[in-house]
Number of protein chains: 2
Amino acid sequence: MNKKDKILIIGAGLCGSLLALRLAQRGFEVEVYESRPDLRTTNISAGRSINLALSDRGLKALRLCGMEEKAREFCIPMFGRLMHDAHGKTFSSNYSGRENEFINSISRGNLNALLLDEAEKHDNVTIHFNKQCRTVDIENTVAHFKDYQTKEEFFVHADVIFGSDGAGSSLRKSYISERKFLFSYSQNYLNHGYKELEIPANKMGTHQISKEHLHIWPRGDFMLIALPNMDGSFTVTLFLSYDEGEFNFENLTSEDKITAFFEKEFPDALALIPNIKEEFINNPTGPLGTIKCSPWSYKNKTLLIGDSSHAIVPFYGQGMNASFEDVFVFDEILNQNLETWEAVFKAYQKARKHDTDAIADLAIDNFHEMKDHVANPIFKEKRKIEMDLEKIFPTQYFSKYSLVTFNENIGYNEAMNRGRAQDKALLNLIADNDISTSLEMSIEELEIVLRKVQEETNEILQEDKIAGMNERN
Amino acid sequence: MNKKDKILIIGAGLCGSLLALRLAQRGFEVEVYESRPDLRTTNISAGRSINLALSDRGLKALRLCGMEEKAREFCIPMFGRLMHDAHGKTFSSNYSGRENEFINSISRGNLNALLLDEAEKHDNVTIHFNKQCRTVDIENTVAHFKDYQTKEEFFVHADVIFGSDGAGSSLRKSYISERKFLFSYSQNYLNHGYKELEIPANKMGTHQISKEHLHIWPRGDFMLIALPNMDGSFTVTLFLSYDEGEFNFENLTSEDKITAFFEKEFPDALALIPNIKEEFINNPTGPLGTIKCSPWSYKNKTLLIGDSSHAIVPFYGQGMNASFEDVFVFDEILNQNLETWEAVFKAYQKARKHDTDAIADLAIDNFHEMKDHVANPIFKEKRKIEMDLEKIFPTQYFSKYSLVTFNENIGYNEAMNRGRAQDKALLNLIADNDISTSLEMSIEELEIVLRKVQEETNEILQEDKIAGMNERN
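Residues numbered from 1 in each chain as written. Chains lettered and ligands numbered in written order. Predicted model: local features only at pLDDT ≥ 70, side-chain atom pairs only at ≥ 80, totals over all residues. Heavy atoms only, no water.

## Some thoughts on the overall build of chain A
Phase 1 of the analysis: Counting secondary structure elements, chain A contains 15 helices and 19 strands.
Phase 2 of the analysis: In terms of overall size, chain A behaves like a compact globule, its C-alpha atoms giving a radius of gyration of 23 Å where 473 residues would be expected to give roughly 23 Å.
Phase 3 of the analysis: Relative to its 473 residues, chain A shows a buried fraction of 57%.
Phase 4 of the analysis: A separation threshold of at least 6 residues defines the contact pool for chain A, and within that pool the share at least 24 residues apart is 71%.
Phase 5 of the analysis: Treating the 54 positive side-chain charges of chain A as one cloud and the 72 negative ones as another, the clouds have centres 3 Å apart. (Helix = DSSP H or I, 4+ residues; strand = E, 2+ residues; numbered from the N terminus. Rg over C-alpha atoms; globule rule 2.2 N^0.38 Å. Buried < 20%, exposed > 50% of the residue type's maximum accessible area, 1.4 Å probe, protein only. Contact = heavy atoms within 4.5 Å. Lys, Arg positive; Asp, Glu negative; His and termini not counted. Charge placed at Lys NZ, Arg CZ, Asp CG, Glu CD.)

Following this line, the structure appears as structure tokens:
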């Protein structure tokens, strides 16, 4: 590899624009082709979440590129979940017992624009919009594009091609269609789809419900969530089965049914969504899929990065964070000064794949947790104890959520293994009445709980290790 | 659904021919199209294992169709594994402590011919050979075929289409390409491929090594296995990485290297394979992949069954057995007299999918066990105890292998969950010195071991349940 290598990046979304910026900062010649129009001059939100959760792993990667402070200007901190029951009653659950740990609601468009602006400040970066990639000749590193406006088709040759072109990646499709190697690939859909709605700002342009929370209306088989926007509105997302249960996307076809559904299940939310009928009927219903694949690279020629290599469901709020962390990990591999792109690509996948597999699985776990467990008594007891432990022993206890979200120096895989074992330990200690669950525990009592949870967690990890259970997958 | 419905089955392999036979026995009109020539009149073994392991789940399905006794005439019982170390020393390990539990080596061709013969005895079955399915129009249930001999292309319309067309299923590919529904799909390859070789019969036409065993040469990162054939020969299979380790399929390109590899690793096997060089160079190297997908059916029109819906790696000897068991489970659903094919297809997948997912995962477990663990001291200790438990308490103890292989009334998923928990219990009890591992245990000592293993297994299952770990996939 060589600083003069011409690098082609397909896709100028969040991952592609951060990657372009970082490679430019390292001195590479970078050309970026994006299928959509420039979002800084066109309003294009169709089909993509308007706001996203930005947390420590994403911030770590932004910091690497000198973009953390600029991004924070667009952030709305969310300190916990606010659950709404079917009668409109609410209760809150913090994300952490440590005060400095929170996640941020941020506009996808604002953040992407920020990264594009910064990337374009570099002379060694060129970004082309409205150029859709059709296929990639991976052997000869030639990408085939079509210009959306002129309809002209053309080819771009590069020394190395990065596919940061998202869940529907054309580079990944070329891996499948060219059949040059054994390509492991999975696409797994939930039975649930999603639809976005809006709670507008009130007349003063401020938020109608707490903007310091991620709001959840958990209903067991389905749920509604809401994240705040800077203009006082909330983006609301309904997660619902396509075809199962009394209400589902297939049978909610009339305005009456839609209203009846919301009146029964989400009366307080319904009162805040004035255009419910129009939005429900006109906004698209999107699928929720997980994509995993391997290998991510072909020889010294091409690499999948971001969602193109590991699309995940949104329930851990880690999609963007995982893709940003890809750029961080890739940059660490570049620091090793390996001789060839092939060596870099292989070292990158080796360092990264077990972590992106883990966050994909964690996001599915959290789907069940959010729509169901968060309102369950035993789960609430567990969260109460965890908040106390994190508050009183801030350097000694980290819940699974904290490990995944706020401990950016631990990989997702380690966070998953330790977090799952810890959850199992806590739930079993509670179920067996082996630890106190009284509402007001003394520090001494809590310390006993901490030691028992730590001991039990370590024993679970040790027993799994002896049984060779970490070898699976 | 209706007895007069015209049923089209794509693929007359083991699953397709058994399915055709069973549907014919139930009185349906069945047409079967197979891409290969008739194996009863042509020699076609290319690319497929010559012999397979037939065990209780497969026999259960054959029994349903009245074919068990005829199949048993072609069976060679294998009572255990015979391990060969790098110096040619051997030790054996039975599959079960119960004398009546063994698996059978059987010729794929013989068994398939038997099923084709039986199916064709029914007037309501027609089987067409040399007709390759290209695509299926799933909405209109029309399959597009090409005749290999005449090159003629033609269309066949049916009321219902079954795709029993194996891992490369054209019906499954049509599910993907028609994009009529969200199709979850995965193909996962091991880094290992396989190559078949042959140990011929000796001059008297009998077996040169024990025909009562499945032979294994475990070497950690790779292995050789051999299954007996009725003509005195063995079919030998080498499982080896494509590109990792000192020796792999990519670097074993010269006759010298091939011989050096076998001399170092498999000297006793080398002495028995006279045509090693020719066979190694001329026989194809095949990939080892797992395929899962969902849904298996489309409306009341089409269904995937057998390998087309769940191709697995061969290490549990359950590929054919799982496909035969599909036919058994499908037949049970037909007994429910549901009104529509759609209801039948959905009930079938609901009853079956968690079991085929489980055997896919178990087969990967066994890949690691066979190439590696079988020769490990702690694993050998565990197997010794399990054999004793099964021998002394034949109605109370069943190893994971027995649950999967010999307990055809328990689904694969239950066998996996119970078997994995039991393995974990045993390995941890041995590691913690909580149970005696002396070579000669009294019945009283063994009974204590049995109770401890049962208690610990139940506790593991209970703890997993409390932690909600069974909700994951």
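## Side note on the state of the cysteines
Phase 1 of the analysis: Evaluation of the coordinates by the stated rule reveals zero disulfides over all chains.
Phase 2 of the analysis: For A:Cys75, which is in no disulfide, the shortest distance to another cysteine sulfur is to A:Cys65 and amounts to 15 Å. (Disulfide = S-S within 2.5 Å.)

## As for the relation of the copies chain A and chain B
Phase 1 of the analysis: Rotating chain A by 180 degrees about the axis while translating it 0.0 Å along that axis superimposes it on chain B, leaving an RMSD of 0.0 Å. Put plainly, the chains are arranged around a two-fold axis. Residue A:Ser186, judged by its C-alpha, is the member of chain A lying nearest the rotation axis, at 1.9 Å.
Phase 2 of the analysis: The overlap is high: 100% of the interface residues of chain A also sit at the interface in chain B, so the same surface is used on both sides. (Least-squares fit on C-alpha atoms with pLDDT ≥ 70 in both.)

## Structural notes on the nonpolar core
Phase 1 of the analysis: Among the nonpolar cores identified, the biggest contains 142 residues, and A:Phe162, A:Phe330, B:Phe162 and B:Phe330 are the most heavily contacted of them.
Phase 2 of the analysis: Beyond its immediate stretch of four places on either side in the chain, A:Phe162 contacts A:Ile7, A:Leu8, A:Ile9, A:Ile10, A:Leu19, A:Leu23, A:Leu171, A:Leu303, A:Phe330, A:Trp341 and A:Phe345. (Core = buried A, V, L, I, M, F, W, Y, C linked by side-chain atoms within 4.5 Å.)

## Overview of the environment of B:Pro284
Residues and elements named next belong to chain B.
Phase 1 of the analysis: Note on placement: Pro284 falls in the loop between helix 8 (276-282) and strand 17 (286-294).
Phase 2 of the analysis: Taking the C-alpha atoms as reference points, Pro284 and Glu196, separated by 88 residues in sequence, lie 7.9 Å from one another.
Phase 3 of the analysis: If we ignore the near neighbours within four places in the chain, the residues touching Pro284 are Tyr194 and Lys195.

## Describing empty space enclosed by the protein
In this approach a probe as big as a water molecule rolls over the atoms, and the regions it shows empty are the leftover space.
All names here are of chain B.
Phase 1 of the analysis: Per the stated rule, a full pass over the model turns up three cavities of 30 Å³ or more.
Phase 2 of the analysis: When its volume is computed, the largest cavity comes out at roughly 100 Å³.
Phase 3 of the analysis: Every residue lining the largest cavity is counted, 15 residues in all, and those nearest its centre are Glu369, Phe379, Lys382, Arg383 and Tyr401.
Phase 4 of the analysis: Those elements giving two or more residues to the lining of the largest cavity turn out to be strand 6 (90-94), helix 11 (341-371), helix 12 (377-392) and helix 13 (400-406).
Phase 5 of the analysis: Broken down by element, the residue count for the lining of the largest cavity peaks at four residues, all from helix 12.
Phase 6 of the analysis: Looking at the lining of the largest cavity residue by residue, the classes come out as four nonpolar, four polar and seven charged. (1 Å grid on protein atoms, 1.4 Å probe; cavity = no way out; pocket = protein on both sides within 12 Å on 5 of 7 lines; lining within 4 Å. Points joined across faces, edges and corners; volume = space filled by probe spheres on them. Nonpolar A, V, L, I, M, F, W, Y, C, P; charged D, E, K, R; others polar.)

## Focus: the side chain of B:Asp38
Residue and element names in this part refer to chain B.
Phase 1 of the analysis: Position of Asp38 among the secondary structure elements: in the loop between strand 2 (29-33) and strand 3 (51-54).
Phase 2 of the analysis: Judged by relative accessible area, Asp38 falls into the buried class, the value being 14%.
Phase 3 of the analysis: Here Arg40 takes part through its side chain, which lies 2.9 Å from a polar atom of the side chain of Asp38.
Phase 4 of the analysis: Excluding anything up to four places from it in sequence, Asp38 contacts Leu116 and Phe129. (Polar contact = N/O pair within 3.5 Å; in protein donor to acceptor, adjacent residues only side chain to side chain.)

## Observations concerning the environment of A:Ile225
Residue and element names in this part refer to chain A.
Phase 1 of the analysis: Mapped onto the elements, Ile225 comes out in strand 15 (residues 223-228).
Phase 2 of the analysis: By relative accessible area, Ile225 is classed as buried at 11%.
Phase 3 of the analysis: Residues Ile225 and Glu455 lie 230 residues apart in sequence; the distance between their C-alpha atoms is 36 Å.

## Details of the interface of chain A and chain B
Phase 1 of the analysis: Across the boundary between the two partners, chain A contributes 27 residues, which contact 27 residues of chain B.
Phase 2 of the analysis: Buried surface at the junction of chain A and chain B, both sides included, amounts to about 2,600 Å², of which 52% is carbon and sulfur.
Phase 3 of the analysis: Taken together, chain A and chain B are joined by two salt bridges.
Phase 4 of the analysis: For A:Lys424, the salt bridge goes to B:Asp464, with nearest N and O atoms at 2.5 Å.
Phase 5 of the analysis: Between chain A and chain B we count 10 residue pairs in polar contact (both at pLDDT 80 or more) in total.
Phase 6 of the analysis: In terms of residue count, the dominant contributor to the side of chain A that touches chain B is strand 13 (residues 184-199) of chain A (six residues). (Buried area = accessible area lost by both parts, 1.4 Å probe. Salt bridge = Lys/Arg side-chain N within 4 Å of Asp/Glu carboxyl O.)

## As for helix 10 (residues 319-334) of chain B
Phase 1 of the analysis: Between its first and last C-alpha atoms helix 10 of chain B spans 23 Å; for 16 residues at 1.5 Å apiece the expected length is 22 Å, and the two agree.
Phase 2 of the analysis: The element helix 10 of chain B is extensively covered by neighbouring structure, given that 14 of its 16 residues are classed as buried. (Expected span 1.5 Å × (residues − 1).)

## Quick notes on the pattern of salt bridges
Pairing between side chains becomes possible if they bear opposite charge and their charged atoms approach one another.
Phase 1 of the analysis: Following the criterion strictly, the structure yields 72 salt bridges over all chains and no others.
Phase 2 of the analysis: Measuring nitrogen to oxygen at the nearest pair gives 3.4 Å for the salt bridge that ties A:Glu369 to A:Arg81. Highlighted residues: A:Glu369 in helix 11 (residues 341-371) and A:Arg81 in strand 5 (residues 80-84), separated in sequence by 288 residues.
Phase 3 of the analysis: The exposure class of A:Arg81 is buried, given its relative accessible area of 4%.
Phase 4 of the analysis: The partner of B:Glu139 in a salt bridge is B:Lys180, and the shortest N-O contact between them spans 3.8 Å. Taken together, the residues B:Glu139 in the loop between strand 9 (131-137) and strand 10 (142-147) and B:Lys180 in the loop between helix 5 (170-178) and strand 13 (184-199) connect sequence positions 41 residues apart.

## Section: the sheet that holds strand 19 (residues 302-304) of chain B
Residue and element names in this part refer to chain B.
Phase 1 of the analysis: Pairing is mixed across the open sheet formed by six strands, whose spatial order is 8-2-1-12-19-18. One side of each edge strand has no neighbouring strand; the edge strands of this open sheet are strand 8 (125-128) and strand 18 (297-298).
Phase 2 of the analysis: Examined bridge by bridge, strand 1 (residues 6-10) and strand 12 (residues 160-163) share four bridges and lie parallel to one another. Bridging from a neighbouring strand, Ile9 pairs with Phe162 of strand 12.
Phase 3 of the analysis: In the packing of helix 5 onto the sheet, contacts are made with strand 1, strand 12, strand 18 and strand 19, and the angle to strand 19 comes to roughly 115 degrees. (Pairing = 2+ DSSP bridges. Axes fitted to C-alpha atoms, helices over the stretch in contact; angles between N-to-C directions.)

## Section: the sheet that holds strand 12 (residues 160-163) of chain A
All names here are of chain A.
Phase 1 of the analysis: The strand order across the open sheet built from six strands is 8-2-1-12-19-18, with neighbouring strands paired in mixed fashion. Strands at the two margins of the open sheet, each flanked by one partner only, are strand 8 (125-128) and strand 18 (297-298).
Phase 2 of the analysis: The strands touched by helix 1 (residues 14-25) are strand 1 (6-10), strand 2 (29-33), strand 8 and strand 12; relative to strand 1, the strand with the most contacts, the crossing angle is about 165 degrees.

## Regarding a negative patch on the surface
Phase 1 of the analysis: The grouping of A:Asp221, A:Asp243, A:Glu244, A:Glu250 and A:Asp372 at the surface amounts to a negative patch.
Phase 2 of the analysis: Within the fold, A:Asp243 resides in the loop between strand 16 (234-241) and helix 6 (255-265). (Patch = residues over 30% accessible without salt bridge, like charges linked within 9 Å, V, L, I, M, F, W, Y side chains within 5 Å. Areas by Shrake-Rupley, 256 points an atom, 1.4 Å probe, with all protein chains shown as cover.)

## Remarks on the packing of helix 12 of chain B against helix 14 (residues 412-431) of chain B
Residues and elements named next belong to chain B.
Phase 1 of the analysis: Between helix 12 and helix 14, the shortest axis-to-axis distance is 10 Å and the interhelical angle comes to 115 degrees. On the basis of the axis angle, helix 12 is roughly perpendicular to helix 14. Between helix 12 and helix 14 lies a crossing of right-handed hand. Between helix 12, through Ile378, Glu381, Lys382, Ile385 and Glu386, and helix 14, the contact on the second element is made entirely by Gln422, Asp423, Leu426, Leu427 and Ile430. (Parallel < 35°, antiparallel > 145°, perpendicular 65-115°, else oblique. Left-handed = near helix turned anticlockwise from the far one by under 90°.)

## Considerations on the domain arrangement of chain A
The extent of an interface is frequently quoted as the accessible surface area lost upon association of the parts.
Phase 1 of the analysis: Domains assigned within chain A are domain 1 (6-75 + 107-185 + 290-367), domain 2 (188-287) and domain 3 (376-467).
Phase 2 of the analysis: Placing a centre on the C-alpha atoms of domain 2 of chain A and another on those of domain 3 of chain A gives a separation of 33 Å. (Domains from an automatic or database assignment.)

## Here's the deal with unusual backbone geometry
Trans peptide bonds make up most of the peptide bonds, and negative phi angles are found at most residues other than glycine.
Phase 1 of the analysis: In this chain, A:Ser294 is followed by A:Pro295 through a cis amide linkage whose omega measures 0 degrees.
Phase 2 of the analysis: With respect to the element layout, A:Pro295 can be found in the loop between strand 17 (286-294) and strand 18.
Phase 3 of the analysis: Phi at A:Lys299 is positive, roughly 45 degrees, even though this residue is not glycine.
Phase 4 of the analysis: In the Ramachandran plot, B:Arg179 falls in the positive-phi region, its phi being about 50 degrees despite a non-glycine side chain.
Phase 5 of the analysis: Along the chain, the position of B:Arg179 falls in the loop between helix 5 and strand 13.

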